[in-house]
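What the coordinates show
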Amino acid sequence: MSATRPYSPGDSGPEPEAAVADAPAHAAGPGSGGRQVRRLSLDGASGVVPLSRDFTREALHAWGWLPAATADRRAAAEDVLLVVSELVTNACLHAEGPDELWLSCDNGRKVLRIEVSDRGAGQPAPRTPHRAGRPGGHGMFIVQRLCLDWGVVRTPGETGKTVWAELGAPG
């Protein structure tokens, strides 16, 4: 698990802006190049955490993660919703609010990627040492524990960042 690697091993990083910016807000079809993408603009929106969770729940239904047939699949979907909540909440608390939420899923529906962009300059990191009984400060610790990997992407010359996380479906 990494907070410094800009993208996960074997991943060439985020898709070029031109390739994704015109993607429809609904899921792309199975023949669309290996990934299904959904995007939600959060700039200026109110109630962004429940809005993001509802948007993610709809994507999970469209991608076959929900309704879950087993307890493991249900837990995986709940983990995705929790990570979305934590990343969006962190952008609200530490980065002037989130700009966009991107969700993408490989066509095998085995790995789901969450990206939350914001205008903040800070570097998210799990609080160390982690103290379970201490209120607050658990968001990135939860992300680190639940995800296959996570990191931060910054574009040189631009303010803000994108915090990404990847979760796997149960086998």
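For the structure, check the block above.
Now for a look at the structure at hand.

About the thresholds
- Residues numbered from 1 in each chain as written.
- Predicted model: local features only at pLDDT ≥ 70, side-chain atom pairs only at ≥ 80, totals over all residues.
- Heavy atoms only, no water.
- Salt bridge = Lys/Arg side-chain N within 4 Å of Asp/Glu carboxyl O.
- Helix = DSSP H or I, 4+ residues; strand = E, 2+ residues; numbered from the N terminus.
- Buried < 20%, exposed > 50% of the residue type's maximum accessible area, 1.4 Å probe, protein only.
- Pairing = 2+ DSSP bridges.

This part takes up the pattern of salt bridges. Following the criterion strictly, the structure yields seven salt bridges and no others. Residues Arg-39 and Glu-100 are paired through a salt bridge, measuring 2.8 Å at the closest nitrogen-oxygen approach. One end of the pair, Arg-39, is in strand 1 (residues 35-41); the other, Glu-100, is in strand 2 (residues 98-106), with 61 residues separating them in the sequence. Its salt-bridge partner being Arg-113, residue Glu-166 comes within 2.9 Å of it at the nearest N-O pair. Placement of Glu-166 in strand 5 (residues 161-168) and of Arg-113 in strand 3 (residues 111-118) is noted, with a sequence separation of 53 residues between them. Its relative accessible area of 4% is what places Arg-113 among the buried residues. Salt bridges here are not isolated pairs; linked through shared partners, they connect Asp-43, Asp-99 and Arg-119.

Judged by how many residues are buried, strand 3 sits mostly within the fold: seven of eight residues are covered. Where strand 2 lies against strand 3, seven bridges are found, and the strand directions are antiparallel. Among the inter-strand pairings, Trp-102 is bridged to a residue of strand 3, identified as Glu-115. Linking strand 2 back to strand 3 in an antiparallel pair, the connection comprises four residues, with Arg-109 at a positive phi of about 55 degrees. When strand 3 meets strand 5, the two strands line up antiparallel, connected through eight bridges. The residue of strand 5 that forms the bridge with Arg-113 is Glu-166.

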